[in-house]
Structure formats: structure tokens, C-alpha cells
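# Structural description and commentary
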Amino acid sequence: MPTTQNGPVAASPDYRKLHFALFATAFVLRIVCMLWWKSYIVPTVAPYNEVGRLIEKLATGQGFSSPYGGTSGPTGAFPPVYPVLGSLIYRLFGSYSHATNIALLGMNCIFGALNAVLIHKFGIRTLGERTAFFAAWAWTLFPVFFRWDISWIWEFSLSALLLTWVFILTMDLCEEGTTRRWIGFGAAWGFASLANPALVSMLPFSGLYAAFRNHRAGRSWFKPAALSAVLFFAVLTPWLARNYVVLHKVFFVRDNFWLEFQLGNFHGSTGLGFGPLHPTGSDRLLRHFETLGELGYMEERKQLAMAFVHKYPSEFRELTLKRAQWFWDGTAVTYQSNEWWSPWEVWWLSVISLLGLLFVVTRRPPGWILFLAVVVVYPIPYYLTYANPKYRHAIEPELILLGVYLFVVLSEEFAAKKKAAT
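Residues numbered from 1 in each chain as written. Predicted model: local features only at pLDDT ≥ 70, side-chain atom pairs only at ≥ 80, totals over all residues. Heavy atoms only, no water.

## Describing the overall build of the protein chain
What counts, and what does not: The way it works is that DSSP assigns letters per residue, a run of H or I at least four long becomes a helix, a run of E at least two long becomes a strand, and they are numbered from the N terminus. For the radius of gyration, the atoms used are the C-alpha atoms, and the globule rule reads 2.2 Å times the number of residues raised to 0.38. We call a residue buried when its accessible area falls under 20% of the maximum for its residue type, exposed when it is over 50%, and partly exposed in between, using a 1.4 Å probe and counting protein chains only.
A count of helices and strands for the protein chain gives 17 helices and two strands. Taking 22 Å as the expected radius of gyration for a compact globule of 422 residues, we find that the protein chain reaches 23 Å, a close match to that expectation. Expressed along its principal axes, the backbone C-alpha trace of the protein chain runs to roughly 75 × 50 × 50 Å. Taken over 422 residues, the protein chain has a buried fraction of 53%.

Here's what the structure looks like:
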């Protein structure tokens, strides 16, 4: 045992066996469920979604192009990381097949299984060992957290993994604000942004919280933080430059916000994205998309959406409130009738996580501001566009930590009262 002048120092717990058990169990269960439910068999001709098309285009040498079908040319509508990873797998099989889909979904299962380990690590650093332990096993064992891993070739699982990872780096930075950690922090956020730019809404809270903790500890932070920002943009620059070269416009990672906005905002909208208004759901719109080009089409969607907002402001407000409700209560699950879970599998996590957040805000454990930002800030773009449970999967690791924290705090309070009464 290590010693100091003041005596022996307790060794840090060795969680390697636990982490191996979490990863192995989570991965095996996800693979078994995928094979048992045959979720690798898609109901439409592959590639069956925009990311699937990008994977095929990249793997067959056609470049990052035409995600909506047809021959619309180079695109900036999607971030590059997941399609590039998927194209490496596609190249091994040469075409879409059951084996290809199993391999791509298997990659998602790896991301989901790794997240069980990171949830434990992040939980220990913030909400305590008991919360971390039970939250990690809940993520590992509950099939409700498998659904995107085993059914969608998309970046949902990767986004959830990356957000937990950068939050762990934030806590590292709070405790040891070295220049090396600041550089790694900026580079990691740049990579996460190239996987899912929606995650960037958490960067200001992550960075400011780390800066505050370093300032309070009396450590120099301004210059390392500036260097971190340089690294963040350095990681982004090749992709931003590529978009400017091929599309002749500067934008942050992806250019399809106004398409997504318009899909949820039109007269008579239900508050959900509507397939026939999407180029993938309408041959007429796809031809129109090809005629206008990607940037022209996105500009047209912007004009249509803003005209709706100006003409029907009260309806826009009602739709926004409806989407905010549906983001948390799972109503939007019914929009996708081919999926095998129900709204109750969404709202129960919302209830316990929001109640857990009350304890986090009042008790303010380490990292409390990150949990607050996840619940309050992250969903805002989806309130404005359209709600779907798959878009909140990125924050579900933090939600399960909040939910478990609720029960841990209540159990401790009951135990304390019982002890005081005896």
C-alpha cells in the first residue's frame, strides 16, 4: 500500500473486473436480442435511410453524396464520423445484406456496451458509487436501452457514448487542469461535433464549468482554455473546408437544419416530422431537390418555415409546447408504427430523471451543472423542429444516472430516519 508522511494511503478501487462484466454482458445481450428479434432484417430495400445511403456511397467510391436518393451530388446534410466508420464495415461485405446489417448494428452494440462502462466512470465522479453501479447495470440489462443499438444504422449509440466520454473528460479537467488535459478536451469535443453537432450545445456548460472549477482551485486556465478552443476548431477545419470547397458555403458541420425545422412546422402539423414532406418520402420532392440543389432546397425550406412562423405564431407556439411534451412522454413513438416499444418505456425514465434532477440541483454534487444542461438545454432544438425518442438517446445515460440517484437519495433518507428513530 502506498504511504506518505501521514501514513498509508488507501488504494483506489480496481473496477477492471466490473467494467469487463458490464461490457461483456451489455454486448452479448444486445447481440442476442438483435438476432432473436431479427432487427437486422429491414422492411425496405437497403440502404433504407439517409445514413445507410451515405455509407454505401462512401464505400463504393462515390463520395459523401446524395443521402436522400437520386443523384443530388455532394452533401453537407449529415456529419461525417458515423458514415465513415460504417463504410469501413460495408467494404468488408461489398453490398448491403443481412451480414452487413448485423455487422453495422454490431458496431452500435459495441458503442452501447462501452457506454455501460463510461456511465459507471462518470457516475462515480459525480453522483456517487452506488448510483454509478446501479445505473451502469440498468443500462446493461434493460432492453429499453438496446433499441437504437439493434434497430437503427445511425449515430444514436455513438452520440450517447461520446457525450458520456466528454463529460468524463470535463470532470478530469476539473480535477487536473493541465495544458495536456485542456488540449485533449478541445480535440475530443471537435471529434464529438463531427459525429453529432447537436452535442455542441453542451460544450459551453462543460467548458465554463471546468474553467470555474480551475479558477476556484487557483489554477491558471485562460491560456490553456484558449489553446483548447484552437484544437476544437482545428479538428473541425478539414470538414468545414471540404464543405466550403464542394458546396461554396460556410456552415457548422451540417446544413439541413431548415429542412428539419420545416418538417415539424406547417399548417395542420401534428408536431412530428412528416414523411411526404421529405425528399425520401416523395419522388416529386426528390426531383425538386435535385433541380434546386441541396443549398437551394434548404433555403426554400427556410423560407417556407419562416413564412409559417410569421403567419401562424400561435400555432407555432402550440406545436413547440406539444413537441416539448412529446420529447419527454413518448407520444411520438406511435409515429413509427414498425417499432416494438411503447410510450410508457419513454415516460417512466423521464419522470424519475426529472425528479432526480431536483435532488441534483438542490444538493449540487460534482458535475451538477452538466446534468442540468442535459435536461434543460439539449432538447431545445427538438422542441423547435420535431420530437422523436431516438433523438434523446444521446442523453439517456445521464437520464438513467439521474433516475437511479433519485432512488439512492430516497433510500439513504429513509435509512437515516429509521436509524434516528431507533
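Next comes the rest of the account.
## Topic: the packing of helix α7 (residues 156–175) against helix α8 (residues 179–195)
Stated precisely, the cut-off is as follows: Axis definition: a line fitted to C-alpha atoms, limited for helices to the stretch in contact. Angles are taken between N-to-C directions and run from 0 to 180 degrees. Here the word oblique covers every angle except those under 35 degrees (roughly parallel), over 145 (roughly antiparallel) and from 65 to 115 (roughly perpendicular). It is the rotation of the near helix from the far one that decides the hand of a crossing: anticlockwise by less than a right angle makes it left-handed, clockwise makes it right-handed. Residue contacts are defined here by distance: any two heavy atoms, one from each residue, within 4.5 Å place the two residues in contact. Residues are sorted three ways: Asp, Glu, Lys and Arg are charged, Ala, Val, Leu, Ile, Met, Phe, Trp, Tyr, Cys and Pro are nonpolar, and all the rest, Gly among them, are polar.
At a minimum axis distance of 10 Å, the contact between α7 and α8 shows a crossing angle of 165°. Considering their axes alone, α7 and α8 lie roughly antiparallel with respect to each other. Crossing geometry of α7 relative to α8 is assigned as left-handed. Contact residues: Leu 158, Leu 162, Leu 163, Trp 165, Val 166, Leu 169, Thr 170, Asp 172 and Leu 173 in α7; Arg 181, Trp 182, Gly 184, Phe 185, Ala 188, Trp 189, Phe 191, Ala 192 and Ala 195 in α8. When its residues are assigned to classes, the contact of α7 with α8 shows 14 nonpolar, two polar and two charged.

## Looking at the pattern of salt bridges
Convention followed: Salt bridge, as used here, is a side-chain nitrogen of Lys or Arg placed within 4 Å of a carboxyl oxygen of Asp or Glu.
On inspection of all chains with the given rule, the structure shows eleven salt bridges. The closest approach of N and O atoms between Asp 14 and Arg 16, which form a salt bridge, is 2.7 Å. Between Asp 149 and Arg 30 there is a salt bridge, and its shortest N-O distance comes to 2.7 Å. Remark: Arg 30 occurs in helix α1 (residues 16–37) and Asp 149 occurs in helix α6 (residues 147–151); sequence separation between them is 119 residues. Residue classification places Arg 30 among the buried residues on the basis of a relative accessible area of 0%. Residues joined by salt bridges that share partners form a network here, namely Arg 125, Asp 172, Glu 175, Glu 176 and Arg 181.

## Looking at helix α3 (residues 81–93)
Taken together, the buried positions of α3 are occupied by Val 81, Tyr 82, Pro 83, Gly 86, Ser 87, Ile 89 and Tyr 90. In the segment just after α3, Gly 94 is the residue with positive phi, at about 85°.

## Digging into the packing of aromatic side chains
What counts, and what does not: Centres within 6.5 Å make a pair out of two Phe, Tyr or Trp rings, where for Trp the six-membered ring is used; the pair is then stacked when the planes are under 30 degrees apart, edge-to-face when over 60, and tilted otherwise.
The final tally for this structure, using the stated rule, is 31 aromatic pairs. Taking the centre distance of 5.0 Å and the plane angle of 75° together, the rings of Tyr 90 and Tyr 96 count as edge-to-face. Pair check on accessibility: Tyr 90 and Tyr 96 agree, each one buried.

## Here we look at the environment of Ala 195
Turning to its location among the elements, Ala 195 is positioned in helix α8. Along the sequence, Ala 195 and Gly 73 sit 122 residues apart, while their C-alpha atoms lie 21 Å from each other. With residues up to four places along the chain from it excluded, the contact list for Ala 195 reads Pro 79, Val 81, Glu 155, Leu 158 and Leu 162.

## Structural notes on a nonpolar patch on the surface
Worth spelling out the cut-off: Two joining distances apply to patches: 9 Å for like charges and 5 Å for nonpolar side chains (Val, Leu, Ile, Met, Phe, Trp, Tyr), and every residue must have over 30% relative accessible area and no salt bridge. The Shrake-Rupley method, run with a 1.4 Å probe, gives the accessible areas here. Residue values count only the displayed protein chains as cover.
The grouping of Trp 344, Trp 347, Val 351, Leu 355 and Leu 358 at the surface amounts to a nonpolar patch, some 520 Å² of accessible area in total. Tracing the chain through its elements places Trp 344 in helix α14 (residues 344–363).

## Quick look at the packing of α7 against helix α9 (residues 203–216)
Running from amino to carboxyl end, α7 crosses α9 at an angle of 15°, the nearest separation of the two axes being 8 Å. In terms of axis orientation, α7 runs roughly parallel to α9. The two elements α7 and α9 meet at a crossing, and its hand is right-handed. Contacts between α7 and α9 involve Val 166, Thr 170, Met 171, Leu 173 and Cys 174 from the former and Ser 206, Tyr 209, Ala 210, Arg 213 and Asn 214 from the latter. Classifying every residue of the contact of α7 with α9 gives six nonpolar, three polar and one charged.

## Focus on the environment of Leu 372
Locating Leu 372 in the fold gives a position in helix α15 (residues 368–376). Judged by its relative accessible area of 24%, Leu 372 falls in the partly exposed class. Each C-alpha atom, one on Leu 372 and one on Glu 318, is 25 Å from the other, the two residues being 54 residues apart in sequence. For Leu 372, the contacting residues outside a window of four places in its chain are Leu 357, Val 361 and Val 377.

## Notes on helix α4 (residues 98–126)
The test is simple: Expected helix span is taken as 1.5 Å per residue step, with the number of steps being one fewer than the number of residues.
Taking 1.5 Å of rise per residue, the 29 residues of α4 would be expected to cover 42 Å, and the 41 Å separating its terminal C-alpha atoms lies within 8% of that figure. Gly 128 sits one or two positions beyond α4 and adopts a positive phi of about 105°.

## Description of unusual backbone geometry
Positive phi, close to 55°, is recorded for Lys 38, a residue that is not glycine. Following the sequence through the fold, Lys 38 ends up in the loop between α1 and α2 (50–59). Despite not being glycine, Ser 66 shows a phi value in the positive range, around 45°. Locating Ser 66 in the fold gives a position in the loop between α2 and α3. For Ser 66, a relative accessible area of 4% puts it in the buried group.

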